[in-house]
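# Reading the structure
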Amino acid sequence: MTKKTTKIFFDTEFTGLHQRTTLISIGLIADLGLGKGTKSFYAELTDYDQSQVDEWIQENVICNLKNTAMPNNTYQLSNSGDINCRCDMEHLKMWLTAWLSFDSIEMWSDTLAYDWVLFCEIWAGALNIPKNIYYIPFDIVNLFKERKLNPDINRELFLGATLDKMTKLKHNSLWDAYVIMKCHNLLNNSL
């Protein structure tokens, strides 16, 4: 019997575009297949390096965090299986590992340069990620390029009126994961 592969679209927000950046939040949306909907995981970290937060990150990332009133190291589980949490890296690793209990996983991001490294660092490196995650990640930047579209196109403008599900918070990792999924689906429908 073949394992079902689940595509998970994810995004991270972090303290800066440099080698020692730290994770502020991560949003993941699992596409459960036709007619089955999605399942999400959203975490805001409490142990990121606050000394690295500059004015742009404060105004565009920190101000878009939605769990700041939650106590540290707590999570909420919705009836549909969505997880929403505020925690340190240790709790993130534990809760995210449990959430990633799909047979086989393909990871998709917008541009992988930072997202994939930060994702792997949750488990202290790429060799330690859960075994059900395919070791080669994918990104929609290459899909845009393959479709002869500007890979730097504004994602929300590309999607237009199809953005109808969530509160629009650019630079909120869960919103951005949702936008990545919608772009992926639209780009694949345009074949």
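In case you missed it, the structure is sitting above this.
Reading guide: rules and limits
Residues numbered from 1 in each chain as written. Predicted model: local features only at pLDDT ≥ 70, side-chain atom pairs only at ≥ 80, totals over all residues. Heavy atoms only, no water. Helix = DSSP H or I, 4+ residues; strand = E, 2+ residues; numbered from the N terminus. Buried < 20%, exposed > 50% of the residue type's maximum accessible area, 1.4 Å probe, protein only. Contact = heavy atoms within 4.5 Å. Polar contact = N/O pair within 3.5 Å; in protein donor to acceptor, adjacent residues only side chain to side chain. Patch = residues over 30% accessible without salt bridge, like charges linked within 9 Å, V, L, I, M, F, W, Y side chains within 5 Å. Areas by Shrake-Rupley, 256 points an atom, 1.4 Å probe, with all protein chains shown as cover. Salt bridge = Lys/Arg side-chain N within 4 Å of Asp/Glu carboxyl O. 1 Å grid on protein atoms, 1.4 Å probe; cavity = no way out; pocket = protein on both sides within 12 Å on 5 of 7 lines; lining within 4 Å. Points joined across faces, edges and corners; volume = space filled by probe spheres on them. Phe/Tyr/Trp six-rings, centres within 6.5 Å; stacked < 30°, edge-to-face > 60°. Lys NZ or Arg CZ within 6 Å of the ring centre and 35° of its normal. Pairing = 2+ DSSP bridges. Axes fitted to C-alpha atoms, helices over the stretch in contact; angles between N-to-C directions.

### Overview of the environment of Ser25
Residue position: Ser25 is located in strand 2 (residues 23-31). Judged by relative accessible area, Ser25 falls into the buried class, the value being 1%. Once the C-alpha coordinates of Ser25 and Ser173 are considered, the two residues, 148 residues apart in sequence, prove to be 6.3 Å apart. The contact partners of Ser25, leaving out residues within four places of it in the chain, are Asp11, Thr12, Glu13, Tyr42, Ala43, Glu44, Leu45, Leu65 and Ser173. A polar contact is formed between the side chain of Ser25 and the side chain of Ser173, at a distance of 3.0 Å.

### Focus on a nonpolar patch on the surface
Together, Tyr134, Tyr135 and Ile136 give the surface a local cluster of nonpolar side chains, amounting to about 320 Å² of exposed area. With respect to the helices and strands, Tyr134 occurs in the loop between helix 3 (112-121) and strand 7 (138-139).

### Quick notes on helix 3
Regarding helix 3, the residues found buried are Leu112, Asp115, Trp116, Leu118, Phe119 and Cys120. On its buried face, helix 3 is in contact with strand 1 (5-14), strand 2, helix 2 (89-99), strand 6 (104-109) and strand 7.

### Focus: the layout of surface pockets
Vacant regions in the atomic arrangement are exposed by a probe of water-molecule size rolled over the atoms. By volume, the largest pocket amounts to about 550 Å³. Around the largest pocket, the lining is made up of 21 residues, and of these Asp11, Glu13, Phe14, His171 and Asp176 lie nearest the centre. At four residues, strand 1 tops the list of elements feeding residues into the lining of the largest pocket.

### Considering the packing of aromatic side chains
One pass over the full model with this rule turns up 13 aromatic pairs. Between Phe9 and Trp108, the ring centres sit 6.5 Å apart and the planes meet at 35°, which makes this aromatic pair tilted. One end of the pair, Phe9, is in strand 1; the other, Trp108, is in strand 6, with 99 residues separating them in the sequence. The class for Phe9 is buried, based on a relative accessible area of 0%. Above the plane of the ring of Tyr42 lies Lys66, whose end atom (NZ or CZ) is 5.0 Å from the centre.

### So, the pairing of strand 5 (residues 83-87)
With four of five residues buried, strand 5 lies mostly within the body of the structure. Here strand 3 (residues 38-45) pairs with strand 5 via five bridges, running parallel. Residue Leu45 lies in a different strand from strand 5, and its bridge partner there is Cys87. Strand direction decides the pairing type here: strand 4 (residues 74-77) and strand 5, joined by four bridges, are antiparallel. Its bridge partner being in strand 5, Thr74 is matched across the sheet by Arg86. Remark: five residues form the turn of the hairpin made by strand 4 and strand 5, two consecutive strands paired antiparallel; Gly81 in that turn has positive phi of roughly 95°.

### What to know about the sheet that holds strand 7
Sheets are built from strands paired through backbone hydrogen bonds, the pairs being either parallel or antiparallel. A sheet is described by the order of its strands in space; here seven strands give the open sequence 4-5-3-2-1-6-7, paired in mixed fashion. The sheet is open, and its two edges are formed by strand 4 and strand 7, each paired on a single side. Sitting on the sheet, helix 3 touches strand 1, strand 2, strand 6 and strand 7, and the angle it makes with strand 1 is about 100°.

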